[in-house]
Amino acid sequence: MKSSAAALLLFALNGSDPVEATEFQNSYLRFDLPAGWACDTEETEFVCDPPHVQGQPVSAVMILTAKVPGPGDGLADYKQFLETRAAALGQGAMIKAPANIQIGDAIWVDGTLKGSEIPSYRTRYLATVKNGIAILFTFSAHESVYSDLEGAAVLSVSTLKVLDDWKR
């Protein structure tokens, strides 16, 4: 992305008024999507991208997926997974240790790792099990723009709502 285009993108995201956010909803989750972001279905996942020129690399992405929970799906399991993944990646991988947080009426495991999905990217993981569904929400951004785009993730995360009547 050219520097002037990157600057415009960062201004658009950081200057976005929450009132300009659009609501994203699928069969199991609802949240506010920052202005200009768009979500598409890719197999079993929803992938949300910031505004960008088609065919150009994207510096950030939100991904969400869900499934019927199995034996390894619980908040303690998710915490353990993130801790194990960080240990495997080595020193400096754990940016924010996984902890339980409440968002709306659901408890989520929330943690941030460096290089866990893509080298030079930070990924914030949020996972929950509620109403018979296990949900994973991630926000990944290149380290050079993570702090600039983190507000977009905070807007979306703060408005996460697990739907009570999701389709089984």
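Only a predicted model underlies this, so the values are computations on that prediction, with no experimental measurement involved. (Residues numbered from 1 in each chain as written. Predicted model: local features only at pLDDT ≥ 70, side-chain atom pairs only at ≥ 80, totals over all residues. Heavy atoms only, no water.)

## Regarding the state of the cysteines
Now for step 1: Applying the stated criterion across every chain yields a total of 1 disulfide.
Now for step 2: Across a sulfur-sulfur distance of 2.0 Å, Cys39 and Cys48 are joined as a disulfide pair. Judged by the sign of its S-S torsion, about 100°, the bond between Cys39 and Cys48 is right-handed. (Disulfide = S-S within 2.5 Å.)

## A few points about the layout of surface pockets
Now for step 1: For the largest pocket, the calculated volume is near 470 Å³.
Now for step 2: Lining the largest pocket are 23 residues, and of these Thr65, Glu117, Tyr125, Leu136 and Thr138 lie nearest its centre.
Now for step 3: By residue number, the principal contributor to the lining of the largest pocket is strand E5 (residues 60-67), which donates 6 residues.
Now for step 4: The residue makeup of the lining of the largest pocket, split by class, is 14 nonpolar, 4 polar and 5 charged. (1 Å grid on protein atoms, 1.4 Å probe; cavity = no way out; pocket = protein on both sides within 12 Å on 5 of 7 lines; lining within 4 Å. Points joined across faces, edges and corners; volume = space filled by probe spheres on them. Helix = DSSP H or I, 4+ residues; strand = E, 2+ residues; numbered from the N terminus. Nonpolar A, V, L, I, M, F, W, Y, C, P; charged D, E, K, R; others polar.)

## Thoughts on the packing of aromatic side chains
Now for step 1: A complete count under the given rule lists 5 aromatic pairs for this structure.
Now for step 2: Their ring planes at 40° and their centres at 5.1 Å tell us that Phe24 and Phe31 sit as a pair that is tilted. Taken as a pair, Phe24 and Phe31 share a single burial class, namely buried.
Now for step 3: With 5.5 Å between their ring centres and 55° between their planes, Phe139 and Tyr146 make a pair best called tilted. (Phe/Tyr/Trp six-rings, centres within 6.5 Å; stacked < 30°, edge-to-face > 60°. Buried < 20%, exposed > 50% of the residue type's maximum accessible area, 1.4 Å probe, protein only.)

## Quick notes on the pairing of strand E7 (residues 106-114)
Now for step 1: With respect to burial, E7 is a largely interior element, 7 of its 9 residues being buried.
Now for step 2: Note: strand E6 (residues 94-103) against E7, 7 bridges, orientation antiparallel. Paired with Gln102 across the bridge in E7 is Ile107.
Now for step 3: Taking the residues that link successive antiparallel strands as the turn, the E6-E7 hairpin has 2 residues, and the phi of Gly104 there is positive, at about 60°.
Now for step 4: The sheet contact formed by E7 and strand E8 (residues 121-130) spans 6 bridges and is antiparallel. Considered in E8, the bridge of Thr112 is made with Arg124. (Pairing = 2+ DSSP bridges.)

## Thoughts on the sheet that holds E8
Now for step 1: If you trace the 7 strands from one edge of the open sheet to the other, you get E3-E4-E5-E9-E8-E7-E6, paired in antiparallel fashion. Two strands bound the open sheet, and with one partner strand each, they are strand E3 (38-42) and E6. Across this sheet, the average inter-strand angle for adjacent strands is 15°, counted without regard to direction.
Now for step 2: In the sheet, strand E4 (residues 45-49) pairs with E5 via 4 bridges, with the strands oriented antiparallel. Its bridge partner lying in E5, Val47 is registered against Ile63.
Now for step 3: Across the sheet, helix H3 (residues 146-158) touches E5, E6, E7, E8 and strand E9 (133-142), and the angle it forms with E9 is around 160°. (Axes fitted to C-alpha atoms, helices over the stretch in contact; angles between N-to-C directions. Contact = heavy atoms within 4.5 Å.)

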